[in-house]
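Chain residues, written in single-letter form:
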Amino acid sequence: MERLRRYSRRAFLVSSAAVAGGVAFGVYAVNSPPDNPLLADRGEGEAVFNPWVRIDGSGITLITPHIDLGQGAIHAQAVLIAEEMDLEIGQFATSFGQPSKAYWNTAMGAEGVPFMATDQSFAAESARAVLGGLTKLIGLQGTGGSTTMPDSFDKLRKAGATARETLKLAAAERTGIPREELKTQAGAVLLPDGSRIAYTDLAADAAMLDPVQDVPLRDPSAWRLIGKPMKRIDIVAKSTGTLAYGIDLEKPGMVHATVRTNPRQGGGLQGFDDSEARAVPGVRDVLEITGGIAVLADNTWAAFKGAGAVKYDWGPAPYPAEQANHWQALEASFTDDLLDSTWRDDGDVEAAMEGAEVVTAEYRSPYVAHAPLEPLNAIVLVEDDLVEIWAGHQLPRQLQILVGAITGHDPEQVIFHNQFTGGSFGHRLEFEFIKQTAEIANQVRGTPVKMTYTREEDFAHDFPRHIAIGRGRGFVADGKVQAMDLSVAAPSVLASQMQRAGIPVPGPDIQIAAGAWNNPYHLPNYRMRSYRAAELAPVSSWRSVGSVGAGFAFDSFLDELIHAAGADPMEERIRLMEHDVSRKVLEAVAEMSDWGSPLPPGKGRGVAFVESFAAPVAEVVEVSATERGIRIDKVWVACDVGTIVDPVNFENLVQGGVVFGLGHAINAQITYADGMAEQTNYHAHEGMRLYQCPEIFVRGLENGEQVRGIGEPPVPPAAPALANAIFAATGQRIREMPFDKHIDFI
Amino acid sequence: MQATFTVNGTERQIDVPEDMPLLWVLRDELKLTGTKYGCGIAQCGACTVHLDGLAVRACQVAARELDGAEITTIEGLGTPAAPHPVQAAWIEHEVAQCGYCQSGQIMQAASFLDLNPAPTDEEIDAAMSGNLCRCGTYSRIRAAVHTAATKMGS
C-alpha cells in the first residue's frame, strides 16, 4: 500500500496547506459560488482548491490537464496561467496532472445543445448551462471538440491571478509591506525598493495562507504573452528528437507486446494456431484477449513477427460485410420513421417550391481513418493494489473506469500518466488499445506491458469517421436563392462512440446535422432535417466530426443554387449572411483572395463557409485545370475565434486544418469488403503530401465575443471550397468524396 | 547475428535476428527513440536516418546490412543546445504540431540539402513528398528548408 499512498489522488489534489513546503492554487471557489448546488457532491477526496499551479522550494509546475495532440494545448494552457502569474516562458515545468473531476470541461457541453452558436437567447444560454452542469456533475474531463481554449481561457487566467495575489500576500506578511504596494515580475514579487523575492522562496509561507480570491483579470491591453508571437514550449524538443512520446517510454522489467484482433471490428476469434508464432526468436508468449490474441516478446519487432505468424479463424462482422450495403442503408434512411430531428424550418420550403422548377443534388462523404502517425500504444502495469497506465488519451476519467473494470480496481486505484501524442484527430477518444493492454497486463501482474499496434492493426481498428449522404432540393428566382431543403442521413457517431465510453447520449445526434443546420445564413425558406441510419461499422469522432460531411453537402448545394440563380458565389453568401461576425469573415476572405478579379482560362476560385464548434470559417480555393489534372494553387482562410492566444501556432493550426480537409477530400476513404477495411496502410489512404500543398494565407479575426478553439473549424470548408473551385474552373460538379474517384489531381 | 557499426560517431555492437529492421535496432536495442515508427513499409518517412550520409528509411534496412555502416540519427544531427542548421530552421519557423514526423522530415531535409544546397520549390517538393505529415505542416516545412539552405550556405 505504500506505493498506492505515494500515488494517491491527494498527492495531486492538494489544498493550500497540504504540501510540505509547497502550495497549490486553484479557482474552484472563484468559479463556483457557495450556493451552487453542484458543490454539494464534493467528496472526501476532493480538495477545496483545484490545482493548476504548484510551487515548492525547487520550482513551479503548471498543471495542463488538456492533452497535447499536436495542437499546442500544453503551451496555450501554460501561457494563460503564466500571463496572470507574471511568469516567463522557461520559468516553469508543465504536467498533465492526474485525472480529476476538478478538471471537468466547462465548454464540452455547449456544443451539444440544439441552439445555434450565434443564439445568445435566454433559452439557448439556459440549455448550455444545464448541459454544462451535467458535464460538471459527471466530472467529464476531456480534450476534444476544440474546447481547450473555451474551457481554459478564463479559468486558467483566474488560477494564475489567484496564485500571484496569494504569493504577494505571503510577501506582504513577511516584509510588513502592504500587498497593494507589491508588484510581480518574472517569477518573483517585487518590493518597492526594487528587491525581489522569488515565488519559490515564498512557497512555504503561501502554503499556510488562504488563497486570495476574486482577483480581477487584467485588461487585454496589459497582456505580455497572449496574442504575441512566441515559441511553443515544446518546439525545441519536437525539432531535435528529444521529446518522449508514449511509444518511446520504457519501464524497468517491461515486456513488449502487440495485439491482433478481428479486423471485422467487434467480430470474435473462433480459433487460432500459434505454433509458428511461438517459434519466432524473441517471442515469449501468446495470450488470448477479447476478440483476438496478444504476442509478448523481447522487442517490438519480434512481437510484430509473432502476430503475423499466428493463424486466425475470425468470426463474421457484426455489420454489413460489403461497402455497397452501407450506402444502401443510408439511401433507405430518408424516411419518417428514421427522422432524427428537424433542426431548421424557416419560412415554408414546401410552399416555396410548390410547382416550381426545383434544383436537386446528392452528396456523399465516405468513412475516413484518423491514422495519426504515432501508432496507438500503451504501457500498463497491474499490481494487486493499483494499476498504472502510460499512454496518451483524451478522456482520462472514463479510461480509469473502463480499465478498473477489467482489472478489478476502483477508478481511484488506476493511476494514469497522460503522454504527448503523435497526433490523434479523434483516434485517442477510443479505449480499445489501452483496454487490450490492461487485459494483457492483468494476465502478467507485476510486469509492465508495452503494447504497440502495427500500422495495419491501427488502420483495421481506426473507428473511422461516419459515412453520410446529403440530399438537397432548392429553388431560385430573381437572381437569388429562395429556398433550400437539405436532409442528411448518417449513422450516429455519438451513439457508436459514447457506447464504448460508457456515457449515455439521449436525444437526437447533433453531429448528423452539424455543419449544415447551424450556419447563420438567413434563407427565406430553409429546412434542415437529419435521418439516423442504423449503426453500421463502429465509427468515431474525426477532426470536426459531422461538420465535414454535412458541411460539404450544405455549402456545395448552396453553391449550386447560387450558380443556378446566376448570382456571384461570394456576394450572395454575404447577402444571405445575417451574423455580423460571420459576414466579416466572408468579407475578409473576399478581400484577401481578390475575389472577382479576372482569372486566365482553366483557373477557378471557389468559396465555402462552414461554422463548426462555434467558429465561423470561410475559405477560398484557387485551382488550375491542367492536362494531367487539377492543381490546387492557393487557399485563403479567414476565421474568427474571438481572441487568438498564440498567433504563430494559430496560423500553423489553420494551415494544417486546410491540408487535412483538402487532402482527405482528394484521396482518402475507408471501404469495407468481407467485413474488413480494405485500406491497410498509408499507401491506400494518403491524405495530402507536400507536393500537393498549396500556398495557404491565413487571417484570424477577433470580432467574436467568446474565445473559440481552432483545431477543427478550418477542416469542414476545405472540401466544398475545392469542389466549388473545380466547378468554376471546369464546369464539373463533384458531389462525392474522395474527389479522385471523379477527377485527377496533380 | 552480430554486427558492428557506427551510430552517431560511436561504435555499437548488436546481436539480433538478421531480418530485424534498423528501425527496431535503434529504438528497442540501442534506445535511440528519436527515430519514429509510422508505417513499416516506407510510406511515411518517420524513420528516416542517414546511412553512410544518405537518407534511408530505417524500416527498410535489415540488420544484416549494417556491418560497417555509419548511421546518423536525429540525436546525432544536433542537440537542443547545439541544433543543426536544419533543426534551427525548424525551430525558427515553429514547424512542428504533434512533431512525430519531424525527426524524419529533418533527416530527409538535411540529406537533401547536402546534395542540393540551393533547391527550388519544385526540387523541395520532389525531395520531401515521401515524408508524410498528418498534421499538415507542409507550408512551414517548405519555408524551413529554404531557411536551412540559407543557413548552411552562409
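Per chain, residue numbering runs from 1 following the sequence as it is written. Following the order in which they are written, the chains are lettered starting with A and the ligands numbered starting with 1. Per-residue local features are limited, in this predicted model, to residues with pLDDT of at least 70; the limit for side-chain atom pairs, both in listing and counting, is 80 or more; totals at the level of whole chains, interfaces and linings are taken over all residues.

1. Thoughts on the overall build of chain A
- Each helix corresponds to a stretch of at least 4 residues labelled H or I by DSSP, and each strand to a stretch of at least 2 residues labelled E; elements are numbered beginning at the N terminus. Summing up its helical and strand segments, chain A has 21 helices and 27 strands in all.
- Here the globule rule reads 2.2 Å times residues to the power 0.38, and the radius of gyration is calculated from C-alpha atoms. Rg of the C-alpha trace for chain A: 27 Å, near the compact-globule value of 27 Å for 746 residues, within the 12% margin.
- Here the C-alpha coordinates of chain A stretch approximately 80 × 70 × 50 Å along the principal axes.
- Backbone-placed C-beta atoms define the burial measure: a residue is buried with 20 or more other C-beta atoms within 10 Å of its own, exposed with 12 or fewer, and partly exposed in between. Here chain A, with 746 residues, has 58% of them falling under the buried criterion.
- Here, residue contact means that the backbone-derived C-beta atoms of the two residues sit within 7 Å. Sequence-distant contacts in chain A: of pairs separated by 6 or more residues, those separated by 24 or more amount to 79%.

2. Examining the overall build of chain B
- When its secondary structure is counted, chain B shows six helices and five strands.
- Here the C-alpha atoms of chain B give a radius of gyration of 15 Å, agreeing with the 15 Å that 2.2 N^0.38 yields for 154 residues.
- With the principal axes as the frame, chain B shows a C-alpha extent of 45 × 30 × 25 Å.
- Out of the 154 residues belonging to chain B, those deemed buried represent 58%.
- Within chain B, contacts between residues separated by at least 24 positions form 63% of all contacts whose residues are at least 6 apart in sequence.

3. Quick notes on the packing of helix H17 (residues 546-565) of chain A against helix H21 (residues 718-730) of chain A
All names here are of chain A.
- Whenever a helix is involved, its axis is fitted only over the stretch in contact; in every case the axis is a line through C-alpha atoms, and angles between N-to-C directions fall within 0 to 180 degrees. Closest axis-to-axis distance for the H17/H21 pair is 8 Å, and the angle between their directions is 30°. As the angle between them shows, H17 and H21 are arranged roughly parallel. Of the two elements, H17 crosses H21, and the hand of that crossing is right-handed. From H17, Val548, Gly551, Phe552, Asp555, Ser556 and Asp559 reach across to H21, where they touch Ala719, Pro720, Ala723 and Asn724.
- Gly counts as polar in this scheme, as do all residues outside two lists: the nonpolar Ala, Val, Leu, Ile, Met, Phe, Trp, Tyr, Cys and Pro, and the charged Asp, Glu, Lys and Arg. Looking at side-chain class alone, the contact of H17 with H21 contains five nonpolar, three polar and two charged residues. In this scheme, roughly parallel covers angles under 35 degrees and roughly antiparallel covers those over 145, while 65 to 115 is roughly perpendicular and the rest are oblique. Handedness of a helix crossing follows the sense of rotation of the near helix relative to the far helix, less than a right angle counterclockwise being left-handed and clockwise being right-handed.

4. What about the nonpolar core?
Residues and elements named next belong to chain A.
- The nonpolar core criterion groups buried Ala, Val, Leu, Ile, Met, Phe, Trp, Tyr and Cys residues into a set whenever they are joined through C-beta atoms within 7 Å. Counting 271 residues, the largest nonpolar core has Ala257, Val380, Val488, Val589, Val637 and Leu722 as the members making the most contacts within it.
- With 10 residues, H21 is the largest single contributor of residues to this core.
- Not counting residues up to four positions away in its chain, the partners in contact with Val488 are Ala468, Gly470, Ile512, Ala513, Ala516, Ser530, Tyr531, Ala550 and Ala553.
- Core analysis: the second largest hydrophobic core is formed by eight residues, Ala102, Tyr103, Ala107 and Met108 among them.

5. Description of the sheet that holds strand E11 (residues 292-297) of chain A
Residues and elements named next belong to chain A.
- Pairing is mixed in the open sheet, where seven strands are placed in the order E10-E11-E8-E18-E15-E16-E17. What marks the edges here is a single partner per strand, and that holds for strand E10 (283-289) and strand E17 (414-418). Each strand axis lies, on average, 25° off the axis of its neighbour in the sheet, ignoring direction.
- Strands are labelled as partners when DSSP assigns at least two bridges between them. The pairing of strand E8 (residues 255-261) with strand E18 (residues 449-452) spans three bridges and is classified as parallel.

6. As for the domain arrangement of chain B
All names here are of chain B.
- Here the bounds of each domain stem from an automatic or database domain assignment. According to the domain assignment, chain B contains domain 1 (2-77) and domain 2 (85-153).
- For domain 1 versus domain 2, the distance between C-alpha centres works out to 21 Å.
- Opposite the 14 residues of domain 1 that make contact, domain 2 presents 13 residues.
- When residues of the side of domain 1 that touches domain 2 are traced back to their parent elements, those giving at least two are strand E3 (48-51), strand E4 (54-57) and helix H2 (74-77).
- No other element matches the three residues that E3 contributes to the side of domain 1 that touches domain 2.
- Here the side of domain 1 that touches domain 2 is built from residues that sort into eight nonpolar, five polar and one charged.

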